[in-house]
Amino acid sequence: MSVTIPNGLSSNEVEESRRKHGDNLITPPKKVSLWSIFLTKFEDPIIRILLVVVLLSIGIALVPMFTEGKSFADCDFAESLGILLAVILATGIGFWFEYDANKRFDILNQQQDDRLVKVKREGTILEINRREVVVGDIILLDTGDEVPADGLLLEAVRLKIDESCLTGEMLCSKTIDPSAFALDATYPSNTAMRGTKIMEGRAVLQVQKVGDATEYGKIAQKSTEIISEPTPLNKQLDKLAKRIAVLGYSLAAALFIMLFLKDIFIEKILPINDMASWFTYENLNRFLHYIMVSVTLIVVSVPEGLPMSVTLSLALSVRRMLKENNLVRKMHACETMGAATVICTDKTGTLTQNKMQVNQTFFKELDSQKLNDSVLSQLIKENMSANSTAHLDRSNLKELKPIGNPTEAALLLWLDGQGCDYTGLRAQTKILSQQPFSTETKYMASLVYSPVLKKHLVYLKGAPEIIIDKCQEIPYSEEVIQTLMGYQDQAMRTLAFAYKEIEVSETASSEQLAATLTQALTNLNFTFMGVLAIADPVRSEVPPAVQTCVNAGIQIKMITGDTSRTAVAIARQIGLWKEEDGERNHITGVDFEALSDEEVLERLSDIKIMMRARPADKQRMVSLLQQQGHIVAVTGDGTNDAPALHHANCGLSMGTGTAVAKEASDITLLDDSFNSITTAVKWGRSLYQNIQRFMWFQLIINMVALLIVFLGSMIGHEIPLTVTQMLWVNLIMDTFASAALASLPPNPAVMLQKPRDNNAFIISRKMLTNIIGIGAIFFIVLIALWYSFSDSEGNITPYHLSQFFTFFVMLQFWNLFNAKAYFTDKSAFTGLSKAPIFVLVALLILVGQVLIVEFGGTVFRTVPMELKDWLIIICTTSCVLWVGEIYRLFKRNLAKK
C-alpha cells in the first residue's frame, strides 16, 4: 500500500510545534535532596521518642542548677549526650547506606537522550538528536532503530517492532493496510510508540506525541507519583512507640502519685489538714525530685538501642544483598520483601530470557538431531545461514547479541551452538535472489548456488502449513503434524524448511533471477527437510524459585502482554499453572477492566495470570491486592511495569531493564534472576526476626531497669546503678548487641513458614510472656543480691557496687546467646563459626566490662575486683545460658517425638 511521504516541517513550523507541544524530553523524576533523605530518618517513631527523652534528660541534668545552686558546667549531661549519640548514629548510618545505594543506582541507570534519528524536513533528510524531535516531524526508521516518539505510520515495509518494553510482546507486525490490522493489538497496527525497537523492515513515521505526552512518558510520570504508604516495619514500630510512650508516661505518673501519697499517709510529711505548709522551699525541692525520678523512669523505659538495631540490620542486609545481586535503593525495602504476601511478575525478561532460541527440532533423517557432515546437515546449515537477514554481534566476548529478526537470529544461535560459523557458510553460498518474509506469504525464500550440491537451489523457510503445502508428498506427514501440534500446545513458534533444485541461466540478469525465484515458488515440488520450534525460554532458576515462594505461602501472579496460549504455557512450565486450573484462574486486560472493583476483589485470589495486560491493569491489580491487606511485591523490566513497580509495597526491577522501570523500583536485581527475589524474601524475613530478637533482649534489660528504679524510689534508696553505668548497659552494650544480632546470617528455615500477619504486633504474646518471666527472675535475683550487699542502713560499699554492676551486665551477656537462638530452638553455639561479628561483639562486651570495672574509677563508680570474684560472677550468671540450652534441647527432643 503506497502513500506519498510529506516533505516534512519547515524551520518555522518546527519552532511553532516546539512552542505548542514542547520538547521530546521525559521530565526526570525530582531528585530528593541529601538533606531530605537525612530528615526522613527522623520519621522513625522510636527516634522521635528518643528526641523527647533527650530534652527530658537535659531538663533533669539542669535541675541541680535551681535546687542546689550548681553551675552549668557541673551538671551531668552524660545520659543526654549518650542518647543523642545513639540518635545520630542510627540516623547517620541509615542516611549513608541509602545515599551510597542511590549513587550506585545512578551509575547503573544513566539515560541517553542524544541518540541520532533520521528526520525529513523541508524535503531534506538529516540527522538530529532525539530530544529535538517535534510533533509533525517525519521520521525514517530502519532495522535496529529505536522509535523516538509516538506516531502514525505513513509507510511500513515488512515491519516488525519489539514492543516488549510497553506490552511484553517481542515481535508485533505493523502495517498501514486497514484490512491487515490486528484487532486484539494493545496499540493500533498503524502506530509506533516511543521506546520500541524496529526488529525487521523499515518505516516512515509522522510524530503525533513527544516527551511526557507519549505512552512511554505517561508511564514514566505515573511511576514518580508520591506514595505515602508506610512500610510494614514502620507500622509495627509506630505501634511499639505508642505503647512504650503510654507505658513510660503511665508508670511515671503512677510513681509520682505514689511518692506523693507516701509523703501524706506514711511519712506524714505533708499534713492533709494544713495544705498551705506544703509549699515550702524544702517541699518544692522534694516535688521537683519526684518529677525528676518519674522522668528518669520514662528515660529508662525507652529502648535506646532499638533504632540502632533496626538501622544496622537494614544496613548490613543492604550490603550483603548487594553481594547476592540485589541492589537495594531504599533500606526498608529489605524488610518489606520479608512481609510480602503476593508477587506480581511480568513474563518477558523476568520469567523468560527475552531471547528467542530453538527449543526443539524434528529433522527426521538427522541422527540425534545433531548437525554432522551428512548432506542433509549441510543443506540445513546453508538454508539457515543463507536464507536469512539476521546477524550475531560478537563484540561482547561473553555473550552473542542477536541483530535483526529474533526468529532468524534464533536459528543462527542454534547453528553457533552446534559449532557452525554462519558467516563462513553465508559467504561461501552465492545468493542470487531473495524474497524476504512477509505477513502475506508467511515464508522467506532464497535462490542460491550451493557449494554442497554444486547446483542452484531454492531454499524455503516459514509457516509449516505453507511450506508443507509446497512440498512433494511426505511419507511421515502424520508424524510431522503430531509433532507440530505438540510444539503449538506449548505456545512455541514453529518453522518448516524445504528446498528444491532449479535450472538457472549463467547469464541471467537480477530481474530474470527474481522472476525465476517467483516462478519456482509457484511449483509444489519442494523437498521437505523438517520442522523446529522456537521459544523465549524460561530461565532455569525460575521453576524452583516459584516453588520456594509457594512453599513460603506467597502467591505468584503473572501479568503479561502476551496471548492466553503463550501465558498459560509459560505458567505451566514454571509450575504456576496446575491441571485443575481453568477459566477463573486467568483473565485478559480488557475483561479485567470491564469488571467492577467489587467483582475483581471477589475473584482476585483465584487469578494466576493476566494476559494482554496494559500498564493501568497491572497497577489496578496491585492497588486492589493492597486493599485486601496484601503486601505486594512487583517485578518487571519494561517501561510498562513502572507504575506498578512504583505503587507496590516493594518494586523489583531488572538490571537490564528500562531506565523508567529501574527508577520506579526499590530494589534492582542485577542478575535479572527471579531466584534473587526469593533471596530478598529470605533476607527480609530473617531481618525481621533479628529485630524481634533484639527487642526481646533489650526489653528484658529495660524491664529490669524499670523495676529497680521504681522499687528503689519507692523504698527510698538511691538507684544502685549510676547514670554512666546505665549508659553502658542501656546504650553502649545494647548497640553492640544490635550489631551482633543484626549480623546473624539469614535463616533458610524462614522460607518454610507462612508470611507473618502484618496486623499483628511486633511483640508477640509468646515474646511478651517470655520477657516478663525472664525479666521478673532477673529482677528478683538482683534485688536479693542488692539486699545481701546492703548493711543495716541500706548502704553498699564501692566493691559490692562493682560486683552488683558486673552481675547485672553478665546476666545480659549470657542472655545475648539466648537471643541468638531465639525462634530457632537450636543450640546457641550452632553456626557461631558463620557469625564472626557476633563472636567479636560478645568478646568486646566481656572485655569492655572488665576494663570499666578495673579502670573505670570515679567515672563509672567502680573499683577493681579480685579474680575469684570475676570467676564466681561469670560462672554463676552463665546459668542463664545453660538453662536456655536445656530448655531448647527439651523442645528439640519433644519435636522429634
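Look a little higher up for the structure.
Criteria and cut-off values
- Residues numbered from 1 in each chain as written.
- Predicted model: local features only at pLDDT ≥ 70, side-chain atom pairs only at ≥ 80, totals over all residues.
- Heavy atoms only, no water.
- Helix = DSSP H or I, 4+ residues; strand = E, 2+ residues; numbered from the N terminus.
- Buried < 20%, exposed > 50% of the residue type's maximum accessible area, 1.4 Å probe, protein only.
- Contact = heavy atoms within 4.5 Å.
- Expected span 1.5 Å × (residues − 1).
- Arc of directions from axis to C-beta.
- Pairing = 2+ DSSP bridges.
- Axes fitted to C-alpha atoms, helices over the stretch in contact; angles between N-to-C directions.
- Salt bridge = Lys/Arg side-chain N within 4 Å of Asp/Glu carboxyl O.
- Parallel < 35°, antiparallel > 145°, perpendicular 65-115°, else oblique.
- Nonpolar A, V, L, I, M, F, W, Y, C, P; charged D, E, K, R; others polar.
- Phe/Tyr/Trp six-rings, centres within 6.5 Å; stacked < 30°, edge-to-face > 60°.
- Core = buried A, V, L, I, M, F, W, Y, C linked by side-chain atoms within 4.5 Å.
- 1 Å grid on protein atoms, 1.4 Å probe; cavity = no way out; pocket = protein on both sides within 12 Å on 5 of 7 lines; lining within 4 Å.
- Points joined across faces, edges and corners; volume = space filled by probe spheres on them.
- Patch = residues over 30% accessible without salt bridge, like charges linked within 9 Å, V, L, I, M, F, W, Y side chains within 5 Å.
- Areas by Shrake-Rupley, 256 points an atom, 1.4 Å probe, with all protein chains shown as cover.

Visitor: Help me understand the overall build of the chain in this model?
Guide: When helices and strands are counted, the chain shows 30 helices and 23 strands. A burial count over the chain gives 54% of its 897 residues as buried. Counting only contacts in the chain whose residues sit at least 6 apart along the sequence, the fraction spanning at least 24 positions is 74%.

Visitor: Sorry, what's going on with helix 14 (residues 477-489) here?
Guide: Residues separated by three or four positions in an α-helix point in the same direction, a consequence of the helix having 3.6 residues per turn. Between its first and last C-alpha, helix 14 extends 18 Å over 13 residues, near the 18 Å set by a 1.5 Å rise per residue. Listing the buried residues of helix 14 in full gives V480, T483, L484 and Y487. Along the axis of helix 14, the buried positions cluster into a sector of 100°, meaning they face one direction only. Pointing more than 90 degrees away from the buried face of helix 14 are the exposed residues E478 and D489. Contact partners of the buried residues in helix 14: strand 10 (357-362), helix 13 (464-469), strand 16 (493-501) and strand 17 (527-535). At the exit of helix 14 stands A491, carrying a positive phi of roughly 60°.

Visitor: Is there a simple way to think about the sheet that holds strand 9 (residues 342-345) in this case?
Guide: The strands making up a sheet associate through backbone hydrogen bonding, with each pair oriented either parallel or antiparallel. Taken in spatial order, the eight strands make up an open sheet running 8-23-22-21-9-18-20-19, and their pairing is mixed. A single partner strand is all that each edge strand has here, and the edge strands are strand 8 (326-328) and strand 19 (586-588). Sheet twist, expressed as the mean angle between neighbouring strand axes with direction ignored, is 20°. Bridge analysis of strand 8 against strand 23 (residues 667-669) gives three bridges, and the strand direction is antiparallel. Within strand 23, the residue paired with N326 across the bridge is L669. Where helix 17 (residues 564-573) meets the sheet, its contacts fall on strand 18 (555-559), strand 19 and strand 20 (609-611), and the angle it forms with strand 20 comes to roughly 150°. Docked against the sheet, helix 23 (residues 675-714) engages strand 8, strand 9, strand 21 (632-636), strand 22 (650-654) and strand 23, running at close to 55° with respect to strand 8.

Visitor: Looking at this model, I keep getting lost on the pattern of salt bridges. Mind explaining?
Guide: Close approach of charged atoms allows side chains of opposite charge to pair. The full count for this structure, using the stated rule, is 24 salt bridges. Across the pair R121 and D137 runs a salt bridge whose closest N-O atoms are separated by 2.7 Å. Taken as a pair, R121 in strand 1 (residues 116-121) and D137 in the loop between strand 2 (124-129) and strand 3 (138-141) lie far apart in primary sequence, 16 residues in all. Residue R121 shares its accessibility class with D137, and that shared class is buried.

Visitor: What is the right way to look at the packing of helix 26 (residues 798-821) against helix 27 (residues 836-855) in this model?
Guide: Two quantities define a packed helix pair, namely the angle between the axes and the distance from one axis to the other. The N-to-C vectors of helix 26 and helix 27 enclose an angle of 175°; their axes lie 11 Å apart at closest approach. Here helix 27 runs roughly antiparallel to helix 26, going by the angle between their axes. Two secondary-structure elements touch here, helix 26 through S802, F805, T806, V809, M810, F813, L816, F817 and K820 and helix 27 through F838, A842, I845, L846, Q849, I852 and V853. Grouping the constituent residues of the contact of helix 26 with helix 27 by class yields twelve nonpolar, three polar and one charged.

Visitor: Can you walk me through the sheet that holds strand 10 in this structure?
Guide: Strand order in the open sheet formed by six strands is 10-17-16-15-14-13, with antiparallel pairing between adjacent strands. Sheet topology places strand 10 and strand 13 (430-435) at the edges, where each strand pairs with a single neighbour. Pairs of neighbouring strands in the sheet enclose a mean axial angle of 25°, with direction left out of account. Where strand 14 (residues 443-450) meets strand 15 (residues 455-462), eight bridges bridge the pair, whose relative direction is antiparallel. Along strand 15, the bridge assignment pairs A445 with L460.

Visitor: In this structure, what is going on with the packing of aromatic side chains? I would like to understand it.
Guide: The geometry of an aromatic ring pair is captured by the separation of the ring centres together with the interplanar angle, meaning the angle of the planes. According to the stated counting rule, one finds 14 aromatic pairs in the structure shown. Ring geometry for F256 versus F260: centroids 6.4 Å apart, planes at 10°, classification stacked. In this pair, F256 and F260 are both assigned in helix 6 (residues 232-265), four residues apart and thus about one turn of the helix distant. Residue F256 is classed as partly exposed on the basis of its relative accessible area of 28%. Between F813 and F817, the ring centres sit 5.7 Å apart and the planes meet at 75°, which makes this aromatic pair edge-to-face.

Visitor: Which parts of the structure should I look at to understand the nonpolar core?
Guide: A general trend in soluble globular proteins is that nonpolar side chains are found buried together. M337, I667, F674, M695, I763 and F838 are the most contacted members of the largest nonpolar core, which totals 114 residues. Ranked by residue count, the leading element in this core is helix 23, at 16 residues. Setting aside residues no more than four positions away along its own chain, I763 makes contact with L240, M695, L699, L768 and I771.

Visitor: Even after reading the chapter, I still don't get empty space enclosed by the protein, so can you show me in this structure?
Guide: Leftover empty space is mapped by rolling, across the atoms, a probe with the size of a water molecule. Summed over all chains, the structure comprises three cavities of 30 Å³ or more. Considered as a void within the structure, the largest cavity measures approximately 110 Å³ in volume. Lining the largest cavity are 17 residues, with T167, D346, I559, N640 and D641 sitting closest to its centre. Along the lines of polarity and charge, the residues of the lining of the largest cavity split into three nonpolar, eight polar and six charged.

Visitor: I'm lost on the environment of E127 in this one. Help?
Guide: Within the secondary structure, E127 sits in strand 2. Residues E127 and V117, ten residues apart in the sequence, show an inter-C-alpha distance of 5.4 Å.

Visitor: Looking at this model, I keep getting lost on the pairing of strand 16. Mind explaining?
Guide: Each regular strand displays side chains that alternate between the two surfaces of the sheet. Taken across its nine residues, strand 16 has seven buried, putting it largely inside the fold. One ladder, built from six bridges, connects strand 15 with strand 16; its direction is antiparallel. Bridge pairing in strand 16 links K461 to F497.

Visitor: Is there a simple way to think about unusual backbone geometry in this case?
Guide: Note: most residues except glycine have negative phi, and most peptide bonds are trans. Phi angles above zero are rare outside glycine, and E122 is one such case at about 55°. By the secondary structure assignment, E122 is in the loop between strand 1 and strand 2. Even without a glycine there, the phi angle at D825 is positive, about 65°. Within the secondary structure, D825 sits in the loop between helix 26 and helix 27. Overall, the relative accessible area of 27% leaves D825 in the partly exposed class.

Visitor: Looking at this structure, I do not really get a nonpolar patch on the surface. What am I missing?
Guide: Where nonpolar side chains cluster on the molecular surface, the patch consists of I257, L261, F265, I266 and I272 and spans about 520 Å² of accessible area. Mapped onto the elements, F265 comes out in helix 6.

Visitor: Help me understand the environment of I128 in this model?
Guide: Structurally, I128 can be placed in strand 2. Owing to a relative accessible area of 6%, I128 belongs among the buried residues under this scheme. Sequence separation between I128 and K118 is ten residues; the distance between their C-alpha atoms is 6.7 Å. Leave out the neighbours within four places in its chain, and I128 touches R115, L116, V117, V119, R121, V133 and D137.

Visitor: Just to check I follow, could you spell out the side chain of N690 for this structure?
Guide: Looking at where N690 falls in the secondary structure, it is placed in helix 23. Once residues lying within four places of it in the same chain are set aside, the contact partners of N690 are S313, L741, A742 and L744.

Visitor: In this structure, what is going on with the packing of helix 9 (residues 332-339) against helix 23? I would like to understand it.
Guide: The N-to-C vectors of helix 9 and helix 23 enclose an angle of 100°; their axes lie 6 Å apart at closest approach. Between helix 9 and helix 23, the interaxial angle falls into the category roughly perpendicular. Contact residues: helix 9 offers C334, E335, M337 and G338, while helix 23 offers I677, A680, V681, G684, R685, L687 and Y688. Split into classes, the residues belonging to the contact of helix 9 with helix 23 amount to seven nonpolar, two polar and two charged.

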